[in-house]
Protein chains: 2
Amino acid sequence: MSRPSDHDLLALARAEAERGRDEGGIPIGAALIAADGTVLAVGHNRRVQQGSAIRHGETDCLENAGRLPASVYAGATMVTTLSPCDMCTGAILLYGIPRVVVGENTTFYGGEDLLRERGVELVVLDDPACLALMTDFVASNPSLWNEDIGVED
Amino acid sequence: MSRPSDHDLLALARAEAERGRDEGGIPIGAALIAADGTVLAVGHNRRVQQGSAIRHGETDCLENAGRLPASVYAGATMVTTLSPCDMCTGAILLYGIPRVVVGENTTFYGGEDLLRERGVELVVLDDPACLALMTDFVASNPSLWNEDIGVED
C-alpha cells in the first residue's frame, strides 16, 4: 500500500472537524500521523462539549495520543483543518513535531511564521471543504469563535 | 485588605507544585489571578496522574478556570513555579494574558523571549523553594522530565 497523501490525511482531520460540528462544537479537527503513516490519534476542538479552554483540535489530538516518546513526535506530522493558534503552535514546538499540514489559513492565520522560523515544515492545502466549514461556523457563531481565539467580542 | 504580592501569589502556585509532587507527579504548579486579585483557578502538571500530554501547570490551570471572556484574561496574571514551555507560552499568548510571574527559570528556560517580544510583562522571582523542588525532581526523574519537555532521553 502506498503512503497516504497529505490530502488523505487531511480527510481524517476534516472528519473530526465535522464530528465536532455535529456535536454542536467548533469545527476544527486534527490527526497525528507517525513517520510510517500510522494514525497515532485524532482529535477535535471541545470548547463547547467539555467546557474546555485548552482542547483545541491539535491539543485534543495530542492528549488522545497519550504520553509518547520524543522519538515518535520527532517523526510525526500534525494535520489540522485550520491554521494552529499560538497554543497549538507552542504544543507542536514543545514536542518537536517537524511537519504540519494545514487545511486552510484564510479564516485564521496563526503560528505559521513562528513554526517556519523554528524549522517546522508547513504545508497549507487551501482545502475548499475546510474553508467552507469554518466560514459557515464563523458567520453563524461569531462570539463563540472569538472566545476560542481569545478575542474580545 | 492590601493586594497580594507576587510572592504571595507564587505561594499558591508552589502549593500546587507540592501537591503534584505528593501525588507522584511532576512538581510544577500555576495560579491564574484576576485583575482584582481574585484567584480564578489553580492547577498543576498531570502527566503522570492523568497520562496527559497537555496538562502542564499553566494549561491545567487554564482548564480549571473554564471558559472565560477575553476581558478577564486581559486583566489576569499567570503565576507559575517554572518558566513556561512553548505550549504554555502559546496558551498565555492565545488568551492575551498580559502578565506572567515565574518562580524560577534556572532549571528550564522556556518562552521568556517570545513573551517579552509579544508585550507580556514577565517577572522572575528566583524563588529558592521552587528551584529546590525542580532540582530534586529532575535529579531523581530525568527521563520523566525529558518526556515532559519533549526531549529525547
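Keep in mind it's a predicted model, so treat the numbers as computed, not measured.

Draft legend 1. Structural context of the pairing of strand S3 (residues 77-82) of chain B. Residues and elements named next belong to chain B. In terms of residue burial, S3 counts as a mostly covered element, since six of its six residues are buried. Sheet topology places strand S1 (residues 29-33) next to S3; four bridges connect them, and they run antiparallel. Pairing of Ala31 across the sheet is with Val79, part of S3. Looking at chain direction, S3 and strand S4 (residues 99-104) are connected through five bridges and run parallel. Across the sheet, Leu82 pairs through a bridge with Glu104, a residue of S4. Crossover handedness for the path S3 to helix H5 (residues 86-94) to S4: right-handed.

Draft legend 2. Region of the structure containing the nonpolar core. Counting 70 residues, the largest nonpolar core has A:Leu32 and B:Leu32 as the members making the most contacts within it. With 10 residues, the next largest nonpolar core counts A:Ala31, A:Ile33, A:Val79 and A:Cys130 among its residues.

Draft legend 3. Representation of the relation of the copies chain A and chain B within the structure. Note on the identical chains: chain A maps onto chain B by a rotation of 180 degrees and an axial translation of 0.0 Å, with an RMSD of 0.0 Å. Expressed as an axis order, the relation between the two copies is that of a two-fold axis. Here 100% of the interface residues in chain A have copies in chain B that are interface residues too; the copies meet face to matching face.

Draft legend 4. Quick peek at the environment of B:Thr81. Residue and element names in this part refer to chain B. Take Thr81: it is sitting in strand S3. The exposure class assigned to Thr81 is buried, which follows from its relative accessible area of 2%. Distance in space between the C-alpha atoms of Thr81 and Ala17 is 7.3 Å, their sequence separation being 64 residues. In contact with Thr81, other than residues within four places in its own chain, are Leu10, Ala13, Arg14, Ala17, Pro27, Ile28, Gly29, Gly103, Glu104 and Cys130.

Draft legend 5. Representation of the packing of helix H3 (residues 57-65) of chain A against helix H5 (residues 86-94) of chain A. Residues and elements named next belong to chain A. Packing of H3 against H5 brings their axes to within 8 Å, and their N-to-C directions diverge by 40 degrees. Taken as axis vectors, H3 and H5 run oblique relative to one another. Within the contact between the two elements, H3 uses Glu58, Thr59 and Leu62 and H5 uses Met87, Cys88 and Ala91. In terms of residue class, the contact of H3 with H5 is built from four nonpolar, one polar and one charged.

Draft legend 6. Here's a closer look at the UniProt feature "domain: CMP/dCMP-type deaminase" (unreviewed entry) in chain A. Annotation from UniProt places "domain: CMP/dCMP-type deaminase" (unreviewed entry) at residues 4-122 of chain A. Between the end C-alpha atoms of residues 4-122 of chain A the distance is 17 Å, and the span holds 41% helix and 21% strand.

Draft legend 7. Spotlight on the interface of chain A and chain B. Listed as interface residues are 34 residues of chain A and, on the opposing side, 34 residues of chain B. Summed over both partners, the interface of chain A with chain B buries about 2,800 Å², with 56% contributed by carbon and sulfur atoms. A per-residue breakdown of the area chain A buries against chain B is headed by A:Ile54, A:Arg67 and A:Leu94, which together make up 26% of the total. Counting across the chain A and chain B interface gives four salt bridges. Between A:Arg118 and B:Asp86 there is a salt bridge, with its nearest N and O atoms 2.8 Å apart. The interface formed by chain A and chain B contains 18 residue pairs in polar contact (both at pLDDT 80 or more). Of all the elements in the fold, those that place two or more residues in the side of chain A that touches chain B are helix H2 (47-50), H3, helix H4 (70-73), H5 and helix H8 (142-148) of chain A. Among the elements that take part in the side of chain A that touches chain B, H5(A) stands out by supplying six residues, more than any other. Of the residues that constitute the side of chain A that touches chain B, the class distribution is 17 nonpolar, eight polar and nine charged.

Rules used throughout
Residues numbered from 1 in each chain as written. Chains lettered and ligands numbered in written order. Predicted model: local features only at pLDDT ≥ 70, side-chain atom pairs only at ≥ 80, totals over all residues. Heavy atoms only, no water. Buried < 20%, exposed > 50% of the residue type's maximum accessible area, 1.4 Å probe, protein only. Helix = DSSP H or I, 4+ residues; strand = E, 2+ residues; numbered from the N terminus. Pairing = 2+ DSSP bridges. Right-handed = clockwise from strand over helix to strand, strands pointing away. Core = buried A, V, L, I, M, F, W, Y, C linked by side-chain atoms within 4.5 Å. Least-squares fit on C-alpha atoms with pLDDT ≥ 70 in both. Contact = heavy atoms within 4.5 Å. Axes fitted to C-alpha atoms, helices over the stretch in contact; angles between N-to-C directions. Parallel < 35°, antiparallel > 145°, perpendicular 65-115°, else oblique. Nonpolar A, V, L, I, M, F, W, Y, C, P; charged D, E, K, R; others polar. UniProt positions renumbered as here; feature names shortened; annotations may be inferred. Buried area = accessible area lost by both parts, 1.4 Å probe. Salt bridge = Lys/Arg side-chain N within 4 Å of Asp/Glu carboxyl O. Polar contact = N/O pair within 3.5 Å; in protein donor to acceptor, adjacent residues only side chain to side chain.

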